[in-house]
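Commentary on secondary and tertiary structure
Next come the chains, spelled out residue by residue.
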Amino acid sequence: MARVLDYFPDEQPLGAICALIFVAFFAIYYRRPGRKLDHIPAVGYQSHLLSYISAFQFLSNAQKMVQQGYDQHRNGIFKVPYLDRWRVVVTGKDAIEMVRKMPEDILSFREAVDESLQVPFTLGPSIRDNHYHHPIVRNNLTRNLPVLLPAIREEIIAAFSDVLRLKDNGRDPDYMGINIKFTVTVVTAAARLNRLPSLLRPLANRFLTSVPEDIDRCIKHLEPIIEERRKNMEEYGNDYPGKPNDMLSWLMDEAEGDETSLRNLTLRILTVNFSAIHTSTMAFCHALFHLAEHPEYIKPMREEIEEVIEREGWTHNAMNQMFKVDSFIKESQRLNPLGCLMINRVARQPFTFPDGTHIPKGTCLSIAAHALHTDDAVYEDPHTFDPFRFADRTKQEYSGHRGDMVSTSTEFIAFGHGRRACPGRFFAANELKLMLAHLVMTYDVKLEGNAERPPNKWLIANCMPNPTAEILIRKRVHQPSCNDPLL
Ligand code: HEM
């Protein structure tokens, strides 16, 4: 104490005491549930106050620290320090299986999402309490993929032309902009709210977020469409001829009570796009950077695509037969999942793992995704990008659909695993495969010189493709016949 007081002039001991009380309050307030996790080994300092040093290191070193814990406690359980809490990390097949099977009232997915995104404030109570869009994404969207595939392909081709500034694709830039920006709006507001004590959050939310303005802007686009569909339904019945077969129609069909309001339907569209846009964008960029580093993999994929498209055309069936394209993206997701910690959950009740580790109520728990995906006990030569690793369906471990990108397991958790696994992954897989197939059939890509793949950017535990990297891309001189007139 004497040494700390030395930093303050003699006449200001009160200031020093206030500062110390503030630091102590910060330290005690922030770490929850704190000492109840003392029995779980920590990465970095274990003691309460010193662990703040490790928590600061974790901000810029999360992936390495999680890997360190994984290497030291293989098939065990350890904890990593965040500024506001410990996070318990679970490793090993059996423990992952146990987490997968835990019911929501013991290990909650919802509570983890609500906390990390501050859903009650950012997206609001209707999104927190009602998840009717989940089965729509999982069932309606997936079921309709065969009929929607041509429209999805058309969108992809238009998007490529737009991004490469080849021609104006006629899509409304304001509507696209709101949907793209919405994720950033929500995530930024959530990060700010997470730094505040819960009592201040309702008030602070009003100043920290532009979600209401984003919804207002989006309403302007969707109002005339929703009104027209309602009018048609009133006049010609629910299944009127020409009714669009899309997310908005499915939501309008299923919404009940308050959910039928224009505002709530708009918020629901923004929320579905929130889950879809950035995840898919990052997945595609990761794969694109691997391809640009290894253009030699373009040829075998072109051969596969040409052969499949000659037989099946650009159909859903064709997508299911592009094993190399599927494997390429899956391999890229294996090495570059959304983060080093995934399948985040909050313990709603205390429970004990079979190895005797007790998990108190309120504990935040995750699986070490990146470490699992690069474990040499799980994958051969795990740090090498081996694009067609999953493509050989004669191998028993990848036979049937087991090699597919959408197939989750205790060895591949890029989409989560179990009941809560991403309901949009079937759509995502088709979208990503169509994008990669379109890219390789239409363009050549490479990195400048002999450059290596641009390094990923880590935001604490979240992994993103390098946002400033550049690749070289040019249109192929000879287009194959299977590239139809849509181009
Ligand atoms: C490559 C692209 C994607 C990846 C890597 C991805 C990954 C994930 C992951 C890891 C989860 C959480 C699973 C868990 O914690 O157990 C999730 C949830 C979810 N995903 Fe995806 N996803 C992708 C694309 C999509 C798309 C395209 C949609 C919609 C069309 C979608 C809709 C959802 C929804 C609705 C949830 C539940 C989220 C919530 O309740 O807040 N995802 N996704």
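Small disclaimer: the values here were computed from a predicted structure and weren't measured.

**Side note on the sheet that holds strand β4 (residues 341-347)**
Taken together, the five strands give an open sheet; going across it, the order is β1-β2-β7-β4-β3, and neighbouring strands pair in mixed fashion. A strand with exactly one partner marks an edge of an open sheet, and here the two such strands are β1 (77-81) and β3 (107-108). Both β1 and strand β2 (residues 86-90) contribute to a ladder of five bridges, which runs antiparallel. Each residue of the ladder has a partner; that of I77, found in β2, is V90. Helix α5 (residues 109-117) contacts β3 and β4 of the sheet and is inclined by roughly 105° relative to β4.

**Quick notes on the site of the ligand**
Inspection of the region around the ligand gives 26 residues, with R110, H134, T279, R345 and C422 positioned closest. Between the ligand and R420, the relevant distance is 3.5 Å, taken from an oxygen atom to a main-chain nitrogen or oxygen of the residue. Listed by contribution, the elements that provide at least two residues to the shell around the ligand are α5, α8 (133-143), α14 (262-293), β4 and α19 (425-442). The element best represented in the shell around the ligand is α14, accounting for five residues. Per-class residue counts for the shell around the ligand are 16 nonpolar, seven polar and three charged.

**Here's the deal with the confidence of the model for the chain**
Within the chain, residue pLDDT values average 91, and 91% of them lie at 70 or more. Every residue in residues 1-9 scores below 50 in pLDDT, and together they form six contacts with partners more than four places removed in sequence or on other chains. In the model output, the complex is listed with pTM 0.91 alongside ipTM 0.98.

**Considerations on a nonpolar patch on the surface**
On the surface, Y45, L50 and I53 cluster together into a nonpolar patch covering about 270 Å² of accessible area. If you trace the backbone, Y45 turns up in the loop between α2 (13-30) and α3 (51-72). Taking relative accessible area as the criterion, Y45 reaches 41% and is therefore assigned partly exposed.

**Let's talk about the pairing of β2**
Of all five residues that make up β2, five are buried, and the element is covered over most of its length. In β2, alternate side chains face the same way, and those of W86, V88 and V90 on one face and R87 and V89 on the other are all buried. Connecting β1 to the next strand, β2, in antiparallel fashion are four residues. Pairing geometry for β2 and strand β7 (residues 364-368), over four bridges, is parallel. The residue of β7 that forms the bridge with V88 is L365.

**Structural notes on the side chain of S366**
Structurally, the position occupied by S366 is in strand β7. Within the structure, S366 has its side chain in polar contact with the side chain of R87 (distance 2.9 Å). Residues within four places of S366 in sequence aside, it is in contact with R87, V88, V89, V90, L341, M342, I343 and N344.

**A closer look at the pairing of β7**
The element β7 is largely enclosed, with a buried count of five among its five residues. Alignment of β4 against β7, held across four bridges, turns out to be antiparallel. If you follow L341 over to β7, its bridge partner there is A368.

**Considerations on the UniProt feature "binding site: heme" (unreviewed entry) in the chain**
When the UniProt feature table is mapped onto this chain numbering, "binding site: heme" (unreviewed entry) sits at C422. Overall, C422 belongs to the partly exposed group, its relative accessible area being 26%.

**Thoughts on the packing of aromatic side chains**
Counting across every chain of the model gives 10 aromatic pairs. Residues F160 and Y443 carry aromatic rings whose centres are separated by 6.0 Å and whose planes lie at 20° to one another, so their mutual orientation is stacked. Of this pair, F160 sits in helix α9 (residues 145-163) while Y443 sits in strand β8 (residues 443-446), placing them 283 residues apart in sequence. Y443 carries the same exposure label as F160, and that label is buried. Its guanidinium or amino end placed over the ring of W86, K79 lies 4.5 Å from that ring's centre, counting from NZ or CZ. In this structure, R87 is placed above the aromatic ring of Y82, and the distance from its NZ or CZ to the ring centre is 5.6 Å.

Rules used in this analysis
- Residues numbered from 1 in each chain as written.
- Predicted model: local features only at pLDDT ≥ 70, side-chain atom pairs only at ≥ 80, totals over all residues.
- Heavy atoms only, no water.
- Pairing = 2+ DSSP bridges.
- Helix = DSSP H or I, 4+ residues; strand = E, 2+ residues; numbered from the N terminus.
- Contact = heavy atoms within 4.5 Å.
- Axes fitted to C-alpha atoms, helices over the stretch in contact; angles between N-to-C directions.
- Near = heavy atom within 4 Å.
- Polar contact = N/O pair within 3.5 Å; in protein donor to acceptor, adjacent residues only side chain to side chain.
- Nonpolar A, V, L, I, M, F, W, Y, C, P; charged D, E, K, R; others polar.
- pLDDT = per-residue confidence, 0-100.
- Patch = residues over 30% accessible without salt bridge, like charges linked within 9 Å, V, L, I, M, F, W, Y side chains within 5 Å.
- Areas by Shrake-Rupley, 256 points an atom, 1.4 Å probe, with all protein chains shown as cover.
- Salt bridge = Lys/Arg side-chain N within 4 Å of Asp/Glu carboxyl O.
- Buried < 20%, exposed > 50% of the residue type's maximum accessible area, 1.4 Å probe, protein only.
- UniProt positions renumbered as here; feature names shortened; annotations may be inferred.
- Phe/Tyr/Trp six-rings, centres within 6.5 Å; stacked < 30°, edge-to-face > 60°.
- Lys NZ or Arg CZ within 6 Å of the ring centre and 35° of its normal.

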